[in-house]
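Descriptive structure summary
Okay, here's what each chain looks like letter by letter:
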Amino acid sequence: MFYLEEKLFNSASLNFVSQDLRFKEPFVQDNELASSLLQLHRELEQDGETLRFESLLLSIFSRLAERHSEIVGRVFEPTSDKAKIDLARQYMEANYEQNLNLTELAELSSFSASHFLRIFRDTVGLTPHAYLTQFRIEIATSLLRVGTPLVDVANLVGFTDQSHFTKKFKRVLGVTPGQYAPSSQLPPRRTVRRSH
């Protein structure tokens, strides 16, 4: 069961900013959103990244607000600000090893968290969490190429543990870090001299 304050719904719509929303019906039946909520609930029971949880939560409740609510009052069109998103990206890249959260990233751009999520996705083509994961994997491949021990890499790039790192690494590159490391650390080729 989720108990949420009204202000979450007022900030959750990805298409409107600073609007008052109200539900059209007292009960909503939406199998896709119900399935997403169940997935979120299961993930919240595990230890994981704050940015992923917040992104999932806002994404689900944004869809709920967009599908099943209506705006009360004046409508403001969202505006994209690439410079602010670039600032957030630079911050993420400089602090990739930390457990970042959506609120601190949104504050850099002076957007609400849900509006930031939408603008980031529209500008970059990925959610902040997906972008951060990809960036961490890029750093991890660089570390593996220079011979950093596999056991150290997960911690150095900000993953919660080795198994989480391995799962994400394989999802992005199609191989495990262990499979990647030997191929990036092949010994130099020896030249064989033939005697005549």
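Presented here is an overview of the structure given in this document. (Residues numbered from 1 in each chain as written. Predicted model: local features only at pLDDT ≥ 70, side-chain atom pairs only at ≥ 80, totals over all residues. Heavy atoms only, no water.)

As for its position among the elements, threonine 133 is in helix α7 (residues 128-145). Overall, the relative accessible area of 6% leaves threonine 133 in the buried class. Those residues within four positions of threonine 133 in sequence are excluded, and the remaining contacts are Phe159 and Lys168. (Helix = DSSP H or I, 4+ residues; strand = E, 2+ residues; numbered from the N terminus. Buried < 20%, exposed > 50% of the residue type's maximum accessible area, 1.4 Å probe, protein only. Contact = heavy atoms within 4.5 Å.)

Next up on the list: the packing of α7 against helix α9 (residues 162-173). Between α7 and α9, the shortest axis-to-axis distance is 10 Å and the interhelical angle comes to 95 degrees. With respect to each other, α7 and α9 are oriented roughly perpendicular. Note on element contacts: α9 touches α7 through Phe165, Lys168, Phe169, Val172 and Leu173, opposite His129, Thr133, Ile137, Ala140, Thr141 and Leu144. The residue makeup of the contact of α7 with α9, split by class, is seven nonpolar, three polar and one charged. (Axes fitted to C-alpha atoms, helices over the stretch in contact; angles between N-to-C directions. Parallel < 35°, antiparallel > 145°, perpendicular 65-115°, else oblique. Nonpolar A, V, L, I, M, F, W, Y, C, P; charged D, E, K, R; others polar.)

The next point concerns the pattern of salt bridges. Proximity of charged atoms lets side chains of opposite charge pair with each other. What the rule picks out here adds up to three salt bridges. Note that aspartate 122 and arginine 118 form a salt bridge whose closest N and O atoms lie 2.7 Å from each other. Linking aspartate 122 with arginine 118, this pair stays in helix α6 (residues 113-124), spanning four residues, or about one helical turn. Each of the salt bridges in this network shares a partner with another, and the network as a whole consists of Lys82, Asp86 and Arg89. (Salt bridge = Lys/Arg side-chain N within 4 Å of Asp/Glu carboxyl O.)

With that out of the way, let us pick up helix α3 (residues 50-68). The end-to-end C-alpha distance of α3 is 27 Å, a good match for the 27 Å that 19 residues give at a rise of 1.5 Å each. Taken together, the buried positions of α3 are occupied by Leu51, Phe53, Ser55, Leu56, Leu58, Ile60, Phe61, Ser62, Leu64, Ala65 and His68. (Expected span 1.5 Å × (residues − 1).)

Of all the positions in helix α5 (residues 102-109), only Leu102, Leu105, Ala106 and Ser109 are classed as buried. Mapping the buried residues of α5 onto a view down its axis gives an arc of 100 degrees, with all of them on the same face. Buried positions along α5 lie against α3, α4 (82-94), α6 and α7. Its side-chain oxygen placed 3.1 Å from the backbone nitrogen of threonine 103, asparagine 101 serves as the N-cap of α5. Count one or two residues on from α5 and you reach serine 110, which has phi positive near 55 degrees. (Arc of directions from axis to C-beta. Polar contact = N/O pair within 3.5 Å; in protein donor to acceptor, adjacent residues only side chain to side chain.)

Right, let's get into the packing of α5 against α6. A pair of packed helices can be characterised by two numbers: the angle between their axes and the separation between those axes. Running from N to C, α5 and α6 point in directions that differ by 75 degrees, and their axes come no closer than 9 Å. In terms of orientation, α5 and α6 fall into the roughly perpendicular class. Only Ala113, Phe116 and Leu117 of α6 make contact with α5, whose side of the interface consists of Leu102, Leu105, Ala106 and Ser109.

What follows concerns the packing of aromatic side chains. For the structure shown, the criterion picks out six aromatic pairs. Taking 5.6 Å as the distance between ring centres and 65 degrees as the angle between the ring planes, the aromatic pair formed by tyrosine 96 and phenylalanine 135 counts as edge-to-face. Taken together, the residues span a long stretch of sequence, with tyrosine 96 in the loop between α4 and α5 and phenylalanine 135 in helix α7 at a distance of 39 residues. Residue phenylalanine 135 is classed as buried on the basis of its relative accessible area, which comes to 16%. Relative to phenylalanine 169, the ring of phenylalanine 165 has its centre 5.5 Å away and its plane inclined at 70 degrees; by these criteria the two rings are edge-to-face. Note that phenylalanine 165 and phenylalanine 169 are positioned in helix α9 at a spacing of four residues, about one turn of the helix. The residue whose ring lies beneath lysine 84 is phenylalanine 111, and the NZ or CZ to ring-centre distance is 5.4 Å. For arginine 136, the ring lying beneath its charged end belongs to phenylalanine 159, and the centroid distance is 5.6 Å. (Phe/Tyr/Trp six-rings, centres within 6.5 Å; stacked < 30°, edge-to-face > 60°. Lys NZ or Arg CZ within 6 Å of the ring centre and 35° of its normal.)

Topologically, serine 55 is positioned in helix α3. In this structure the side chain of serine 55 is engaged in a polar contact, spanning 2.8 Å, whose partner is the backbone oxygen of leucine 51. Discounting chain neighbours no more than four positions away, the residues touching serine 55 are Leu102, Leu117 and His129.

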